[in-house]
Each structure stands twice: as C-alpha cells, then as structure tokens.
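# Topology and contacts: notes
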Amino acid sequence: MHDVVPASAFVPLAPGAPAEGEARWRVFARTAFPFLVVGLAWEITARLGVFPARLFPSLEEVAYALVRLTVAGILPHHAGETLLRLFAGFSIAAVMGVAIGIAMGRSRRAEDIFLPLVSIGAPIPGIAYAPLFLLWFGLGNFATILLVGFASSFAVIINTWTGVKAVKEIWVRSAQSMGADNQRMFRQVILPGALPYILTGLRLGMAQAWRILVVVEMLAGVQWGLGWMIFGARELLNTDVMLAGVAVIGIIGLILEKHVFQRLEDYTVVRWGMMEQ
Amino acid sequence: MPHIEIRDISLIYDTPSGSVPGVQGVSFSIEPSEFLCIVGPSGCGKSTLLNIIAGFLTPTGGEIKIGGKIITGHGMDRGVVFQDFAQLFPWRTALGNVAFGLEMKGMGKAEREEIALQQLRLVKLEKFVRSYPHHLSGGMQQRVAIARALAYNPAVLLMDEPFAALDALTRDDMQRLLAEVWRETKKTVIYVTHNVAEAVYLADRVVVMTPHPGTVKIEVPIRLARPRDPLSVEFLDYQKELLRHLGGGAVKA
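Along each chain, residue indices are assigned from 1 in the same order as the chain's sequence is written. By the order in which they are written, chains take letters starting at A while ligands take numbers starting at 1. Whole-chain, interface and lining totals are the exception, using all residues; otherwise, since this is a predicted model, local features are given only for residues with pLDDT of at least 70 and side-chain atom pairs are given and counted only at 80 or more. Side-chain calculation: all heavy atoms of the structure are included, whereas hydrogens and water are not.

## A look at the sheet that holds strand E5 (residues 69–70) of chain B
Residue and element names in this part refer to chain B. Judged by pairing direction, the sheet is antiparallel, and its four strands sit side by side in the order E2-E1-E4-E5 without closing on themselves. Edge positions in the sheet fall to strand E2 (18–30) and E5, since each of these pairs with one other strand and no more. Summarising the sheet, strand E1 (residues 4–15) and strand E4 (residues 61–66) pair through five bridges and their orientation is antiparallel. Bridging across to E4, Ser10 finds its partner in Gly61. Note on contacts: a residue pair qualifies if any of its non-hydrogen atoms lie within 4.5 Å across the two residues. Geometry is summarised by axes, namely lines fitted to C-alpha atoms with helices restricted to the contacting stretch, and by angles between N-to-C directions that run from 0 to 180 degrees. Numbered from the N terminus, helices here are DSSP runs of H or I no shorter than four residues, and strands are runs of E no shorter than two. Packing of helix H1 (residues 46–54) onto the sheet brings it into contact with E1, E2 and E4, and relative to E1 it is tilted by some 115 degrees. At least two bridges found by DSSP between two strands is the condition for calling them paired.

Below is the structure:
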C-alpha cells in the first residue's frame, strides 16, 4: 500500500545502531564515512573544472557561504521562518491525521466516508494543489501552512488507520474484561497499541511536509524561507548559496530524525519491545 | 445455590453452506470455589463456550446465570486468561498490567500498586515488578496474566488453555502454581484444556465435550486428595477414563 511502512521494517538512518560497548568514535566514524566519500568526490569534480566554477563551487566556497550568511543573520532568518511554517503545517497534519486515522480505524462509517477520499488524494503530489490553495487563500503564510498541513496529512492518516486496525483483538478483549470504558480503551489501549504505526506516519508526514514547503515557498510570494532563498539564488547563479540552503535543510532533517523521532521511538515502542531498534 | 448456571447454551454460525452449530444445548452448573475443567478435542466448542461465559460472544440460545443473575456481556465479576502470551499490554510493566483493572475501577495509584504487588507475589514474580512483558519468558508472562485477572478480585476466573503454548517442564510448574493460587484465593475457576492429565491434576470436576456439534458428553468428578500425584494409579485411571469418553486415541494426554 502507498506510503505504509510496517514499523518493524523501518530502516534506521545510520546502518547499524550503536552496538553494545562500541566506542563512540567508531560509531561516529562509521556514520561520517559515506559523507566523507561523497565530499571527496565532490571536491575532486569541482577542482578538476568539469563544470564552470560558478555552477559547481568547491566545498570551501559552500562552507564560506554558509558561515557568511549565518554570521550576517540571513540564513538563520530564512531557516527560522521555514521552521515555523514547517511546524505549523506539520502540527495540522499530525493532529488532523491522527484524529481522522483513528476515526477510520474505529468507526465503519468514518472509514466509508474517508477511505475513498484518502485513496484518491494520497497519490496526488501535494504541489499540484498549490495553485488552487494560493488562489483560494492568497499568497503568503496562510496558504502555505494550510497546503503543507493538507498534503502531509495523508501519510499520517493512512498509517494511523493501519495501526488502529493492527491493534490486537486480544488487548481489546482483555481491557474489556477488566472494565475499560470507551474513553479509557482509546487512551490506554488503542493509542499505545497503534503507536508504532502512528510514529511511522508522523515521520513520513514530516518528510512530505519538507518537500511541499520548500517548493511552495518559491511560489507563495513570501519574503523569507530556505526554499525562497534557494530559488532566489538561482537568478544570480549563486550556487554556493543554493548548496548552503540545501545543506541546512539536510542538517535540520538529521537533527529532527535523531533527536525527535528516534528519541520518541526509543522512549516508547522500542522500550516496550514493539519495534526493533 | 450453584455459583454459575449454564442452561441450554447454543451458538449457531451462519455460513454460506448453511448454519453450523458451534455449541449445541450445553448445560451444567458450577459450585462456588469449584475448579471445573472443560476437556475436548479441537473444534468441540470449548473455547467458544468459554468466550460465551466471558461475554465476548452472544449465544443464539440459552442463558447463563452468575450468582443468580443472567449475564448479558462481559463484566468485572469474571477475570479472563487467554492462551496467547500477547494478551499482556507491551507498553505497561508487569505491575502496570496487573494494576489495569483496578485503575479502570478508579482506584488511586498507591493503593492499586500495593494490591498489584501482592498479586505478583502470589505468582512469585515480585522481582519482575518493573519489567516490561517482552523481557519476561512465556511462563512468566502467563503468570502476570493470571495475577492481572485476579487483581480486581472477580469471583470467577476463566482460563482458555493458558499453558498450552508452554514447554512441558514449565507447564508442570505452572499447574502446581495455579493449584496453589486457587487454594489460597478460593475462586470459582472454569479452565478449558485439551490436555487430559492437566484436567485430572487441577479439576474438582471435568466436563467432557465432543465435537460436531459441540455438546457435553459426560461430567466426571475427580475424587483425589490434593496435592495430586500424577504418577499414582488412581490418577492414571482417571486419565484413562477421560480418554475413553473422548473416543480412545482421538485426543492425546
């Protein structure tokens, strides 16, 4: 099924989680190695002059652009605005997606209403809605955030729905026999039982939100934002700025993955043995 | 007055090829604090019957009275233990699992954890109070499940082949432990099994069921002093008798 990943099959970012007793520097070296290889290949290509230097800057120039724009406060401003939109849009997707997904999993009627809509909506690239949203809600933050929320909610809905369906009947029966009412059944059994899938849905939703946001920032006529910065730099052939923007998106994504999603998982579904690390 | 009265219970399944009786015209009663085993081969409807008594399935005919009142669904007067180890909530510690029923009753945290701890002591798991189920062995998980079903103090304990998925040695330990727990708590127990030796070891009385359709063939009271010796002649005689009722080699002990 589209965009559904069974939680246990999720491949962690770094191949091989830190093994017991493995030295920290070794873990670091293993994680850094592929980046070093790509960086080296890049540097060689840049120095050999295969492409004009203006279009293929060396890492040094990219790093310099990164530092220069950061010190000037321009890059943090762009990143800050993008992050605000990202979190606003993603929050909508998370709340609406989990709510609709759970409703679909628990109620036959909700499933009948939402499933056809979700099935049709999910495969459509979110960016295809961008012109409509901009016409309806005007240029600017409002339309951007709504579109990010809308487009990234599908992955959350589908995974949450799958997760609720995958909640074991025996947990529900056990809880019933112990006197759980509907509200407690929901909070104490359905929600934790579906959590591995919900977390996977949120992770996919976040990736979707990034993809939409960076493109929409170019179209929405906003003044600040990493997407706007990257596309704006194209006009002046500032490839170093473009790459600096791409690097910042990668770094933010890595931080979110390591320090938000993986931590959430370690603290919940991994600790409970519902998901392998 | 009997604690539980099962009167003329039937459950007919509608299938494309016509209606199939899962359980047909089953009647028997259970005295307070009696340990009753239901024995039969796969497909005789014994688990179906237990699920009806638990209130998870609605019979198509007949009625069940507990303490003189007709039951209409599941209720906290009955605790249920299933065969599947996965019945425990993986997101709760052993203590959290056992305290679940008390939490649903609205009992405060300190009080329910105190009671849950006592229950875990009863099944000899006081050292694993803070462990999550996936760190416990199958036998330990089933002991947590028993403690969980007892914690909110139901009058009746319903058990559906709780030890069938355990290895033979662990199963023997668990049977001894259950006999002890029953002696201490004096619950009324209905225990479903296909294991004849298990039934003779645990039960005051054995109800033998046969399939197609699922009906009660005979009730056999086990008049042996406890604790029982599975190697005694009398014990083996009871096993032979039950096997004979089950139709010779149809079911292995």
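The structure having been displayed, the exposition proceeds.
## Points about the domain arrangement of chain A
Residues and elements named next belong to chain A. The source of the domain bounds is an automatic or database domain assignment. Examined at the domain level, chain A breaks down into domain 1 (20–49) and domain 2 (58–270). Relative to domain 2, the C-alpha centre of domain 1 lies at a distance of 29 Å. Carbon and sulfur atoms supply 68% of the area that domain 1 and domain 2 bury against each other, a total of about 390 Å² over both sides. Note: buried area is the sum, over both parts, of the accessible area (probe 1.4 Å) each one loses when the two are combined. For the domain 1 face of the interface with domain 2, the top three residues by lost area are Trp42, Glu43 and Arg47, together amounting to 73%. The term salt bridge refers to a side-chain nitrogen of Lys or Arg lying within 4 Å of a carboxyl oxygen of Asp or Glu. One can count one salt bridge joining domain 1 with domain 2.

## Points about the pairing of E2 of chain B
Residues and elements named next belong to chain B. In the sheet, E1 pairs with E2 via nine bridges, with the strands oriented antiparallel. Residue Leu11 lies in a different strand from E2, and its bridge partner there is Val23. Taking the residues that link successive antiparallel strands as the turn, the E1-E2 hairpin has two residues.

## Some points on the confidence of the model for chain B
Low pLDDT means the predicted coordinates in that region are not meant to be read closely. Confidence of the prediction at every residue is given by pLDDT, a number between 0 and 100. Within chain B, residue pLDDT values average 92, and 98% of them lie at 70 or more. Confidence over residues 249–253 of chain B falls short of pLDDT 50; this stretch has eight contacts with residues more than four positions distant or in other chains.

## Considering the interface of chain A and chain B
Every contact between the two is made by 21 residues of chain A and, on the other side, 26 residues of chain B. Between chain A and chain B the total buried area reaches about 2100 Å² when both faces are included, carbon and sulfur atoms providing 64% of it. When residues of chain A are sorted by the area they lose upon contact with chain B, Arg173, Ser177 and Met178 of chain A head the list and together hold 32% of the total. Applying the counting rule to chain A against chain B returns zero salt bridges. Nitrogen and oxygen atoms within 3.5 Å of one another constitute a polar contact, given that in protein one can donate a hydrogen and the other can accept it, and given that sequence-neighbouring residues count only through two side-chain atoms. Counting every contact that joins chain A to chain B gives 13 residue pairs in polar contact (both at pLDDT 80 or more). Of all the secondary-structure elements, those providing two or more residues to the side of chain A that touches chain B are helix H7 (169–177) and helix H8 (182–219) of chain A. With seven residues, H7 of chain A is the largest single contributor of residues to the side of chain A that touches chain B.

## What to know about the pairing of strand E3 (residues 35–39) of chain B
Residue and element names in this part refer to chain B. Think of it in three bands: residues with accessible area under 20% of the maximum for their type are buried, residues over 50% are exposed, and the middle band is partly exposed, with areas taken using a 1.4 Å probe on protein chains only. When you tally the buried positions in E3, you get five out of five residues, the bulk of the element. Residues of E3 alternate between two faces, with Phe35, Cys37 and Val39 on one and Leu36 and Ile38 on the opposite face, all of them buried. Both E3 and strand E8 (residues 188–193) contribute to a ladder of five bridges, which runs parallel. Looking at E8, one finds that Ile38 is bridged to Val192. Bridge count for E3 against strand E9 (residues 205–210) is four bridges, and the pairing is parallel. Directly across from Leu36, in E9, lies its bridge partner Arg205.

## Section: the pattern of salt bridges
Residues and elements named next belong to chain A. In this structure the tally under the stated criterion is 22 salt bridges over all chains. The partner of Lys165 in a salt bridge is Glu111, and the shortest N-O contact between them spans 3.2 Å. With Lys165 in helix H6 (residues 141–165) and Glu111 in helix H4 (residues 108–121), this pair connects stretches of sequence that are 54 residues apart. We classify Lys165 as partly exposed; its relative accessible area is 47%. If you follow the salt bridges from partner to partner, you end up with Glu43, Arg47 and Glu60 in one network.

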